[in-house]
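Chain by chain, the residues run as shown.
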Amino acid sequence: MTTDKDNSAPSTSSGMGLFERFLSLWVALAIIAGIALGQWAPAVPETLSRFEYAQVSIPVAILIWAMIFPMMAQIDFTAILGVRRQPKGLIITTTVNWLIKPFSMFAIAWFFLTVVFSPFIAPELANQYLAGAILLGAAPCTAMVFVWSYLTRGDAAYTLVQVSLNDLIMLFAFAPIVVFLLGISNIQVPWNTVALSVLLYIVIPLTAGYITRQSLIKKHGSEWYDNVFMKRVGPITPAALIITLVLLFAFQGEVILNNPLHIVLIAIPLILQTFLIFFIAYGWAKAWQVPHNIAAPGAMIGASNFFELAVAAAIALFGLQSGAALATVVGVLVEVPLMLALVRIANKTRQHFPAPAKG
């Protein structure tokens, strides 16, 4: 007999570590620390900015690789062999993430940032914020979705299939979508610059993660890999993310101090986009009678973003001091509270979906 306690979803505190639970707080503290660093010790960001090669900041590139590599190392691409299991869930996830999300993000961000908020944001800056929103929209979640899946009692194995498939699609779709949407926004970015970003921040970390995973599992076994190696490298991602944000805001300090309202204005279209994409995917899954343990994580993948990649691409394409980089960081700031709200919605509506299939 199943009790009510058995049916209850895990609490947010049990499913999230200290960093994930208070991510918005850490980002806020990074903003404060970065602005203070830029104002009181400007020599630090000025010195770091000199270490560049082909307009790529070497310190920031190292930090970004440190952010992304642990996430890529946990992806098991052999899981894609399970693609035939519950194909409806994969159809929904991939369609929403690649045929709807980037374009709805562009439309919503363009409307608010360049039309509704035009009295408050200069056109050139609005275009930079729009570029950051586009980068967020073209990068569906890779790592944090495993947390959201756990909190909604999602099928962990199927979530891995969904994430792995999205990562493979990202290899080929991210650059064309970004170039296309930036182009129709009159934001000119050379193809080779975007291709370099994809190579640096997707291809290389993904390849390194795959090779690391395969070689270490072959040598030590999957249990050691998951419970020892991944736990050792896991903390590298949050540490590198926070240091990157501190540096970013050290360069962005003047913009923030002069335009604090812009943070709120950037957040509004990002919030609307998050809810829209979640309900499109979640409602579609409901209409197709997809079990809740597949529907909820699938909707979460599109609603949340691979913000580490978006931040990396914004810095590589537009620079640390750009409005695009600032917009991607606002995405980091608002993501956790929004996703926790969607977790609650998913858990409260579980009874409207079919029960998971036995076995």
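Just so we're clear, the structure is a prediction, and the values are computed from it rather than from any experiment.

> Where do I start with the overall build of the chain in this structure?
Along the backbone of the chain there are 17 helices and two strands. Within the chain, the proportion of its 359 residues that are buried is 53%. Sequence separation of at least 24 residues holds for 87% of the intrachain contacts in the chain that already meet a minimum separation of 6. If you sum the accessible surface of the chain, you get close to 15700 Å²; carbon and sulfur atoms cover 67% of it.

> What is the right way to look at the confidence of the model for the chain in this model?
For the chain, the average pLDDT comes to 82, and 86% of its residues sit at 70 or higher. Note on residues 1–6: pLDDT under 50 across the span, and three contacts to partners over four residues away in sequence or across chains.

> Please clarify how the packing of aromatic side chains should be interpreted in this entry.
Aromatic rings in a pair are described by how distant their centres are and how their planes are angled relative to each other. A complete count under the given rule lists eight aromatic pairs for this structure. Each ring, one from Trp224 and one from Phe229, has its centre 6.2 Å from the other, and the planes form 25°; the classification is stacked. Given a relative accessible area of 13%, Phe229 falls into the buried group. With a centroid separation of 4.7 Å and 40° between ring planes, the pair formed by Tyr282 and Phe353 is classed as tilted. Residue Tyr282 is located in helix 14 (residues 261–287), and its partner Phe353 is located in the segment after helix 17 (323–348); the two are separated by 71 residues in the primary sequence. Phe353 carries the same exposure label as Tyr282, and that label is buried. Here the aromatic cluster, defined as three or more aromatic residues joined through ring pairs, consists of Phe278, Phe279, Tyr282 and Phe353.

> What is the right way to read the nonpolar core from this model?
Note that soluble globular proteins tend to have their nonpolar side chains buried in a common cluster. Counting residues in hydrophobic clusters, the biggest one holds 117 residues, and the most contacted among them are Trp148, Phe174 and Met300. Among the elements that take part in this core, helix 17 stands out by supplying 15 residues, more than any other.

> Where do I start with the packing of helix 8 (residues 123–137) against helix 14 in this structure?
Pairs of packed helices are described in terms of their axes, by the angle between the two and the distance that separates them. Between helix 8 and helix 14, whose axes approach to 11 Å, the crossing angle comes to 40°. Considering the angle they form, helix 8 stands oblique to helix 14. In the packing of helix 8 onto helix 14, the handedness of the crossing is right-handed. Facing helix 8, whose interface residues are Leu125, Tyr129, Ala133 and Leu136, helix 14 presents His262, Ile266 and Leu270. Partitioned by chemical class, the residues of the contact of helix 8 with helix 14 number six nonpolar, one polar and no charged.

> What is the right way to look at unusual backbone geometry in this model?
Negative phi values dominate among residues other than glycine, just as trans dominates among peptide bonds. Of note, Arg153 is a non-glycine position whose phi angle comes to about 55°, a positive value. When you line up the elements, Arg153 lands in the loop between helix 9 (145–151) and helix 10 (156–184). A relative accessible area of 31% places Arg153 in the partly exposed class. Its identity is not glycine, yet Gln289 carries a phi of approximately 60°, on the positive side. Summarising the element assignment, Gln289 is placed in the loop between helix 14 and helix 15 (292–303). Relative accessible area serves as the criterion here: at 47%, Gln289 is assigned to the partly exposed category.

> Teacher, can you tell me more about the side chain of Ser149 here?
The residue Ser149 is located in helix 9 in this model. With near-sequence residues (within four places) excluded, Ser149 lies in contact with Gly154, Asp155, Thr159 and Pro297.

> Just checking my understanding: could you explain the packing of helix 8 against helix 17 for this structure?
Contact pair helix 8 / helix 17: the axes reach a minimum separation of 7 Å and the direction vectors enclose 50°. Judged by the inter-axis angle, helix 8 sits oblique to helix 17. Crossing of helix 8 over helix 17 shows right-handed handedness. Contacts between helix 8 and helix 17 involve Leu125, Gln128, Tyr129, Ala131, Gly132, Ala133 and Leu136 on the former and, on the latter, Gly323, Ala324, Leu326, Ala327, Thr328 and Gly331. Per-class residue counts for the contact of helix 8 with helix 17 are eight nonpolar, five polar and no charged.

What counts, and where the lines are drawn
Here the residue index of a chain counts from 1 through its sequence in written order. pLDDT decides what is reported in this predicted model: residues at 70 or higher carry local features, side-chain atom pairs at 80 or more are listed and counted, and totals for whole chains, interfaces and linings draw on all residues regardless. Only hydrogens and water are removed before side-chain values are computed, so all heavy atoms of the structure are retained for them. Every helix listed is a DSSP run of H or I at least four residues long, and every strand listed is a run of E at least two residues long, numbered separately from the N terminus. Burial classes: relative accessible area under 20% of the type maximum marks a residue as buried, over 50% as exposed, and values in between as partly exposed (1.4 Å probe, protein chains only). In what follows, a contact means two residues having at least one pair of non-hydrogen atoms within 4.5 Å. What sets the accessible areas is the Shrake-Rupley method with a 1.4 Å probe; for residues, cover comes only from the shown protein chains. For every residue, the predictor assigns a confidence score, pLDDT, that lies between 0 and 100. Pairing of aromatic rings covers Phe, Tyr and the six-membered ring of Trp, with a centre-to-centre limit of 6.5 Å; geometry is then stacked below 30 degrees between planes, edge-to-face above 60, and tilted otherwise. What we call a nonpolar core is a set of buried Ala, Val, Leu, Ile, Met, Phe, Trp, Tyr and Cys residues that are connected through their side-chain atoms within 4.5 Å. A fitted line through C-alpha atoms represents every axis, and for helices the fit uses only the stretch in contact; the resulting angles, taken between N-to-C directions, go from 0 to 180 degrees. In what follows, roughly perpendicular refers to angles from 65 to 115 degrees, roughly parallel to angles under 35, roughly antiparallel to angles over 145, and oblique to any angle outside these ranges. Working rule for handedness: look at the near helix, and if it is turned counterclockwise from the far one by less than a right angle, call the crossing left-handed; if clockwise, right-handed. For this scheme, ten residues count as nonpolar: Ala, Val, Leu, Ile, Met, Phe, Trp, Tyr, Cys and Pro. Four count as charged, namely Asp, Glu, Lys and Arg, and the remainder, Gly too, count as polar.

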